[in-house]
Amino acid sequence: GMLQEAENVFNNIVKEYKDDESRPKPNKIQATQIMNGWSKSGEGADLGVKTDVLLTTLERLYDTYQDSSMRPSVVSYCAAINAWAKSKAFGKARKARETLDRMIDAYKD
């Protein structure tokens, strides 16, 4: 569907930027919008996984480029936590807590 297409576009932006930094930059707003979409879609067990992959991508981009536009926001982390809450995956509560801990760790300074 449209969310998967949006995620594919985002992943292409990431890949192209990694290959050539003059290309358009991926950013937290793009990724967070997709994460919010997944968390609201109610699409089953992989909701949490899909948002976690996007969140991890943002974290790695920020670690690599130290660009604040790539740093996951509190809204990014909340979208991922919300997706885990709505997921049907086993261990979803633990994964939601791990995501909260990642946010606390990212913003502890």
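The rules behind these values
Residues numbered from 1 in each chain as written. Predicted model: local features only at pLDDT ≥ 70, side-chain atom pairs only at ≥ 80, totals over all residues. Heavy atoms only, no water. Helix = DSSP H or I, 4+ residues; strand = E, 2+ residues; numbered from the N terminus. Expected span 1.5 Å × (residues − 1). Contact = heavy atoms within 4.5 Å. Phe/Tyr/Trp six-rings, centres within 6.5 Å; stacked < 30°, edge-to-face > 60°. Buried < 20%, exposed > 50% of the residue type's maximum accessible area, 1.4 Å probe, protein only. Lys NZ or Arg CZ within 6 Å of the ring centre and 35° of its normal. Core = buried A, V, L, I, M, F, W, Y, C linked by side-chain atoms within 4.5 Å. Axes fitted to C-alpha atoms, helices over the stretch in contact; angles between N-to-C directions. Parallel < 35°, antiparallel > 145°, perpendicular 65-115°, else oblique. Nonpolar A, V, L, I, M, F, W, Y, C, P; charged D, E, K, R; others polar.

K.L.:
I tried to follow helix α2 (residues 28-41) on my own but got confused; where do I start?
P.N.:
Compared with an ideal rise of 1.5 Å per residue, which puts 14 residues at 20 Å, α2 spans 20 Å between its outermost C-alpha atoms and is within 8% of the ideal. Of the surrounding elements, those touching the buried residues of α2 are α1 (2-19), α3 (47-65) and α4 (74-86). Residue G42 follows α2 closely and has a positive phi angle near 65 degrees.

K.L.:
Where do I start with the packing of aromatic side chains in this structure?
P.N.:
Any pair of aromatic rings gets described here by the distance separating the centres and the angle formed by the planes. By the definition in use, this model includes one aromatic pair. Aromatic side chains Y17 and Y65 sit 5.1 Å apart centroid to centroid with 70 degrees between the ring planes, which places their arrangement in the edge-to-face category. With Y17 in helix α1 and Y65 in helix α3, this residue pair connects regions lying 48 residues apart in the sequence. For Y17, a relative accessible area of 6% corresponds to the buried category. A residue is classified by how much of its surface remains accessible, and Y65, at 22% relative accessible area, is partly exposed. Residue placement shows K50 over the ring face of W38; its charged tip is 4.4 Å from the ring centre. The ring of Y107 is capped by R71, whose NZ or CZ atom sits 4.2 Å from the centre of that ring.

K.L.:
Before we go on, may I ask you to explain the environment of A106 in this structure?
P.N.:
Mapped onto the fold, A106 is located in helix α5 (residues 92-106). Remark: the alpha-carbon pair of A106 and V74, spanning 32 residues in sequence, is separated by 9.6 Å. Setting aside residues no more than four positions away along its own chain, A106 makes contact with R71 and Y77.

K.L.:
Just to check I follow, could you spell out the nonpolar core for this structure?
P.N.:
Ranked by internal contacts, the top residues of the largest apolar core, which has 18 residues, are F10, I34, M35, W38, L54 and L55. Taken together, the elements giving at least two residues each to this core come down to α1, α2, α3 and α4. Examining the composition of this core, we find that five residues originate from one element, α3, more than from any other. Not counting residues within four places of it along the chain, the set of residues in contact with I34 comprises L3, A6, E7, F10 and L54.

K.L.:
Explanation requested: the packing of α4 against α5 in the structure shown.
P.N.:
Two measures define how a pair of helices packs: the angle their axes make with one another and the distance between the axes. Across the interface, α4 lies against α5 with an axial gap of 8 Å and an inter-helix angle of 170 degrees. Classified by the angle their axes make, α4 and α5 are roughly antiparallel. Residue-level inspection shows V74, Y77, A80, I81, W84 and A85 of α4 in contact with α5, the latter providing K92, K95, A96, T99, L100, R102, M103 and A106. Here the residues of the contact of α4 with α5 sort into 10 nonpolar, one polar and three charged.

K.L.:
Would you take a moment to explain the side chain of T99 for this structure?
P.N.:
On the secondary structure map, T99 appears in helix α5. If we skip the residues at most four places from it in the chain, T99 touches D52, L55, Y77, A80, I81 and W84.

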